[in-house]
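Below are the chains, spelled out letter by letter.
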Amino acid sequence: MTAIGRSLGNLTTVGKVVLPLLLLIVVVGPIITVLVGIYLLPLVIDVVSSNLGIVRFVVAITAILLFSIPAAFLIIYMELKVIAFMNSRVGPDRVGPAGAAHSVVAGLKVLLKEDFTPTSADKLVFTWAPVVVFLTAVMTFLVIPFGPPEMDAQGNYLEGGLVGQDFNIALLYVFAVGGMTVVGLLMAGWSSFNKYSLLGGLRSAAQVVSYEIPLTLSVVGLILLAGTMSLQELAAQQGDWFGNWFVFRQPLGALIFFIAATAEANRTPFDLTEADSEIVAGFATEYSGMRFGFLFFAEYVNVFIVSALITTLFFGSWNAPVDIAAVLDAINATFGTTLQPLTVALDPSSLGIGLLILLAVVPVALTLLFALPFYLTRSSMPAWQALIIGFLLFNVVAMGAAFTLAWIGWHWVAGIVWFMIKTFGFVFVFVWMRATLPRVRIDHLMAFAWKWLLPASLLNLFITATAIVVVKSINPGA
């Protein structure tokens, strides 16, 4: 007891507080967990099962909020590195490996700065404007399908999938919520009591309203062909192979949508709402700290959303360019073979207690196995260095094996990967445009919307409607 008392007496004040808390967590924590599992878990299960719709909505909102900020950080880092490469520069290389943590640190720096409000500003409107801009961007995530739904025994898609909420007017919801961004930008410009901010807000209103019309009309032809406004259903109709993608049936509509969406997202060459050479930073001139961070992140979240919408509407969404099962079916029908795609039935729960044993034994065994060659072949290498190398190699092999099995066994994993590849492909195009194209003049911007895009979108609509009527008159069953 004397030794224990002496040891406790040597602890710092913080140690004397932390040690009892740790002991309390270690001893009392498991007891509370068992009691909660026995008495409260059945009640929680009953409440969740009777309110699945609300639970799904809460989970979707949480997942969206957790995904949106890292996605913005990734796009910012991608923009810094890609533009640096195109300008023959190195780009960020100090914070994290290859500067990977630079955007995170820059974001934290913005959030830690002083949040200043101008003296003559309308404080309530000034504070809520960034919230409106950011939430309108985040709310669009609710209807974007990131992956396919489950399939029945016949290979037909069921309802649901990796989407917050899919309903038959999802595309209309996207345009309705996306159009509210102009309200937040106008609020920011008007409430700042700054002429440059006001000009930026008015420019944003004129630009968004002008390009909203061709943006909406560009997808009407697609809706006529598909017969639905559900984004999940639109994605399912583009399956089997890339020839079914709507970009090949609506090429003019896809081009108009891409141009108009670029203007809606305030990206180069249409970033007139915050033209630094003319109106300082436009609607964001007077913002700093966390409120500026909301406006800044919303721009990059919008880049991801626009890229995801282009992918979903015109480039097959989560569908692979070529469906292996459909290819094998065609080969079997042609040559009389019986080829089948490789499948793996993944059900970890069927292993029971064996799963826990595998998780406890396999990592240790494989780490030692990978470390052994380095320890035996290099006499100067300490054992702990060999173990670190073995542990890293084990993680690489384990993650590769897990990803391969998930790709083969769960079709939604492949769907997410294909969706992300296509979406970030368009993100790269937006970054490329920023590094390449000059900013247009405001009068040219407005004239292009009304004199070129609007007539082109109407022409696309009339051609599509005429083609549908002609095809149905020739072949009524089509």
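Just so we're clear, the structure is a prediction, and the values are computed from it rather than from any experiment.

Trainee: Describe the pattern of salt bridges, and please don't skip the residues or the numbers.
Mentor: Pairing of side chains with opposite charge becomes possible as their charged atoms draw close. Per the stated rule, a full pass over the model turns up five salt bridges. For Arg434, the salt bridge is made with Glu79, and the minimal N-O distance between the two is 3.1 Å. Here Glu79 lies in helix 3 (residues 52-86) and Arg434 lies in helix 17 (residues 411-436), a separation of 355 residues in the sequence. The partly exposed category is assigned to Arg434, whose relative accessible area is 38%. Salt-bridge contacts for Arg94 lead to Asp93; the nearest nitrogen and oxygen are separated by 3.9 Å. Taking relative accessible area as the criterion, Asp93 reaches 42% and is therefore assigned partly exposed.

Trainee: An account of helix 17 is needed here, citing residue identities and associated values.
Mentor: Between its first and last C-alpha, helix 17 extends 38 Å over 26 residues, near the 38 Å set by a 1.5 Å rise per residue. Turning to helix 17, its buried residues number three or more, namely Val413, Ala414, Gly415, Phe419, Lys422, Thr423, Phe424, Phe426, Val427, Phe430, Val431 and Met433. Of the surrounding secondary structure, the elements contacted by the buried residues of helix 17 are helix 3, helix 11 (251-264), helix 13 (289-314) and helix 16 (383-409).

Trainee: Give me the lowdown on the packing of aromatic side chains, citing residues and values where you can.
Mentor: Counted according to the given criterion, the structure contains 24 aromatic pairs. Taken together, a centroid distance of 5.8 Å and an interplanar angle of 80° make the contact between Phe167 and Tyr173 edge-to-face. Relative to Phe270, the ring of Tyr211 lies with its centre 5.8 Å away and its plane at 35°, an arrangement referred to as tilted. You can see Tyr211 sitting in helix 8 (residues 195-217) and its partner Phe270 sitting in the loop between helix 11 and helix 12 (276-279), a full 59 residues away along the chain. Neither residue differs from the other here; Tyr211 and Phe270 are each classed as buried.

Trainee: Before we move on, can you summarise helix 16 with the specific residues and values?
Mentor: Between the first and last C-alpha of helix 16 there are 38 Å, a value that for 27 residues agrees with the 39 Å anticipated at 1.5 Å per step. When helix 16 is considered as a whole, its buried residues turn out to be Ala386, Gly390, Phe394 and Ala406.

Trainee: Provide a residue-level description of the nonpolar core, including the pertinent values.
Mentor: Counting residues in each nonpolar core, the largest one holds 79 residues, and the members touching the most others are Tyr211, Leu231, Phe257, Leu313 and Phe314. With 14 residues, helix 13 is the largest single contributor of residues to this core. For Phe314, the contacting residues outside a window of four places in its chain are Val219, Leu222, Gln238, Trp245, Phe246, Val247, Gln250, Gly253, Ala254 and Phe257.

Trainee: For empty space enclosed by the protein, give the residues involved together with the corresponding values.
Mentor: In the structure shown here, the tally under the stated rule is two cavities of 30 Å³ or more. The wall of the largest cavity is formed by 18 residues, among which Gly178, Glu264, Asn302, Val306 and Leu309 lie closest to the centre. Within the lining of the largest cavity, the residues separate by chemical class into 11 nonpolar, five polar and two charged. The space that makes up the second largest cavity amounts to roughly 120 Å³. In terms of lining, the second largest cavity is formed by 12 residues, of which the most central are Leu185, Asn266, Phe283, Glu299 and Asn302. Within the residue set of the lining of the second largest cavity, elements represented by two or more residues are helix 7 (181-191) and helix 13. Of the residues forming the lining of the second largest cavity, the biggest block, four residues, is contributed by helix 13.

Scoring rules and cut-offs
- Chains are numbered independently. Their residues run from 1 in the order of the written sequence.
- Note on the predicted model: pLDDT of at least 70 is required for a residue's local features to be given, and 80 or more for side-chain atom pairs to be given and counted; whole-chain, interface and lining totals, by contrast, use all residues.
- Water and hydrogen atoms play no part in the side-chain values, which are based on all heavy atoms of the structure.
- Any carboxyl oxygen of Asp or Glu within 4 Å of a side-chain nitrogen of Lys or Arg constitutes a salt bridge here.
- The helix count covers DSSP runs of H or I at least four residues long, the strand count covers runs of E at least two residues long, and both are numbered beginning at the N terminus.
- Throughout, exposure labels follow a simple rule: accessible area from a 1.4 Å probe, protein chains only, divided by the maximum for the residue type, with under 20% read as buried, over 50% as exposed, and the rest as partly exposed.
- To estimate the expected span of a helix, count its residues, drop one, and scale the result by 1.5 Å.
- It only takes one pair of heavy atoms within 4.5 Å for two residues to be counted as in contact.
- The rule is short: rings of Phe, Tyr and Trp, with Trp giving its six-membered ring, pair when the centres are within 6.5 Å, and they are stacked under 30 degrees, edge-to-face over 60, tilted in between.
- Only buried residues count toward a nonpolar core. Its members are Ala, Val, Leu, Ile, Met, Phe, Trp, Tyr and Cys residues joined through side-chain atoms within 4.5 Å.
- Lining residues are defined by having an atom within 4 Å of a point belonging to a cavity or pocket. Those points lie on a 1 Å grid over the protein atoms alone, cavities being sets where a 1.4 Å probe fits but cannot get out and pockets being open sets with protein on both sides within 12 Å along at least five of seven lines.
- Grid points are joined across faces, edges and corners, and a volume is the space filled by probe spheres set on the points.
- Each residue is assigned to one of three groups, with Ala, Val, Leu, Ile, Met, Phe, Trp, Tyr, Cys and Pro labelled nonpolar, Asp, Glu, Lys and Arg labelled charged, and all others, Gly among them, labelled polar.

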